[in-house]
Amino acid sequence: MSPDSDWPIRVAAINALQERVRRHGDVLPWEVIDAGFTYKGETLHFANRARGIFWPRQMRETALSIKTTVPRQGREARYDDLPSDEGFDYRFQGEDVDGRDNRRLVRAMELDAPLIYFYGIEPGLYAPIWPVYISGVDLATKSFTVASGLPEAQVRAPGSYAADSKLLGLERRYTTVQVKKRLHQVAFRQHVLRAYEQRCAICRFPRRELLDAAHILPDRDVRGRPEVPNGLALCKLHHGAFDTDLLGIRPDGVIEIARRLMAEQDGPTLEHGLKGFAGKPLGVIPLLPAQRPRSEYLEERYERFRLTRDA
Ligand SMILES: [Zn+2]
């Protein structure tokens, strides 16, 4: 395996990207990505708005990053089927595998060089995934296969990867499934919080850091897909109360509180934060009817609540 001459730039980029994620979270706005990173006193870019496959001109052989965007009219990423270990399909730039951009990915595959994948979640918002590797080329479908690697792999020097290629293959298939699951959850949270204008559906609490995207039907349910009509933006308190059936939502959107809680007396959080919402309608519902909770999901979930409501 020949050494990856672009390695130092890759390391600088990944270190800088980790710092951005620490500061901004799992989903980065394009402006943060576009600000680039410093390498030997120069500002280099992570990616380019107009191009999928990108490398700074200082990189000699391979690419630094690949990027996919979300179709603007859709406004929402389409979900793949259940997370598989198949790797992500990444379309060629143009038709020719020998094209300037595609050649860089072929070379990255030959060197087993780690790349950064900017995965479009919503227009202008990307989940960065690293390290990813080009694990295959399909001339028939004109696409590359992209697999994820363990995060620790990025700090291993080139050529010092696990010696056992079978083990490495297993590791990457496993990691790819985990990354796909995480992307589903990241996208779900992003879409649900936006649909609810970054507020709790019960109390309208507006701090994003303390909001979750709750599932109406649990995600272990086959229908419990991470899609907005199966979601509710809830603050940590109300998410916990909803998941433990201390709080229920009637299919007509009215909030109910379990009797065992209504009977308790204990300070302002219980009084105002929970009991105070009994009989009130939801505080926020999505503007778009297609994003509102699906009534059959609410009905089914409410039935579960009702079983223990009066206990
Ligand atoms: Zn709340």
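What you see is a predicted model; the values in this text were computed from it and never measured. (Residues numbered from 1 in each chain as written. Predicted model: local features only at pLDDT ≥ 70, side-chain atom pairs only at ≥ 80, totals over all residues. Heavy atoms only, no water.)

Draft legend 1. Highlighting the coordination of the zinc ion. Listed as protein donors to the zinc ion are Cys-200 (SG), Cys-203 (SG), Cys-235 (SG) and His-238 (ND1); their distances from the metal cover 2.1 to 2.4 Å. Viewed at the metal, the 4 donor atoms of the zinc ion are separated by angles of 96 to 119°, and the geometry they form is tetrahedral. Sequence positions of the residues that donate to the zinc ion give the spacing C-x2-C-x31-C-x2-H. Residue Cys-203 is found in the loop between α4 (165-195) and β10 (211-215), and its partner His-238 is found in helix α5 (residues 236-243); the two are separated by 35 residues along the sequence. (Donors = N, O, S within 2.8 Å, 3.2 Å for Na, K, Ca; no water. Tetrahedral: all angles 85-135°; square planar, octahedral: opposite > 155°, others 65-115°. Helix = DSSP H or I, 4+ residues; strand = E, 2+ residues; numbered from the N terminus.)

Draft legend 2. The arrangement of the environment of Gln-18 in detail. As for its position among the elements, Gln-18 is in helix α1 (residues 7-24). Taking C-alpha positions, Gln-18 is 48 Å from Ala-311, a pair spaced 293 residues apart along the chain.

Draft legend 3. Examining the pairing of strand β6 (residues 88-91) more closely. Only one face of β6 is buried, namely the one carrying Phe-88 and Tyr-90, since none of Asp-89 and Arg-91 on the opposite face is buried. The pairing of β6 with strand β9 (residues 143-148) spans 4 bridges and is antiparallel. Its bridge partner lying in β9, Tyr-90 is registered against Phe-144. (Buried < 20%, exposed > 50% of the residue type's maximum accessible area, 1.4 Å probe, protein only. Pairing = 2+ DSSP bridges.)

Draft legend 4. Representation of the pattern of salt bridges. Under the criterion given, the structure shown has 22 salt bridges. Salt-bridge contacts for Asp-112 lead to Arg-172; the nearest nitrogen and oxygen are separated by 2.9 Å. Of this pair, Asp-112 sits in the loop between α3 (100-111) and β7 (115-122) while Arg-172 sits in helix α4, and the two are 60 residues apart along the sequence. For the pair Asp-112 and Arg-172, a shared accessibility class is recorded, and that class is buried. A salt bridge links Arg-309 to Asp-310, with the nearest nitrogen and oxygen atoms 3.3 Å apart. (Salt bridge = Lys/Arg side-chain N within 4 Å of Asp/Glu carboxyl O.)

Draft legend 5. Summary view of the domain arrangement of the chain. Parsing the chain into structural domains produces domain 1 (7-193) and domain 2 (197-309). Once you take the C-alpha centre of each, domain 1 and domain 2 turn out to be 36 Å apart. With 11 residues of domain 1 at the contact, the number on the domain 2 side is 18 residues. For the domain 1 and domain 2 pair, buried surface summed over both sides reaches about 1,300 Å², with 56% attributable to carbon and sulfur atoms. When residues of domain 1 are sorted by the area they lose upon contact with domain 2, Phe-188, Arg-189 and Leu-193 head the list and together hold 52% of the total. (Domains from an automatic or database assignment. Contact = heavy atoms within 4.5 Å. Buried area = accessible area lost by both parts, 1.4 Å probe.)

Draft legend 6. Geometry of the packing of aromatic side chains. According to the stated counting rule, one finds 9 aromatic pairs in the structure shown. A centroid spacing of 6.1 Å and a plane angle of 90° characterise the contact between Tyr-90 and Tyr-117, whose relative ring orientation is edge-to-face. Taken together, the residues span a long stretch of sequence, with Tyr-90 in strand β6 and Tyr-117 in strand β7 at a distance of 27 residues. For the ring pair Phe-92 and Phe-144, a centre distance of 4.9 Å and an interplane angle of 50° mean the geometry is tilted. In this pair, Phe-92 sits in the loop between β6 and α3 while Phe-144 sits in strand β9, placing the two residues 52 residues apart along the sequence. When sorted by exposure, Phe-92 lands in the same class as Phe-144, which is buried. (Phe/Tyr/Trp six-rings, centres within 6.5 Å; stacked < 30°, edge-to-face > 60°.)

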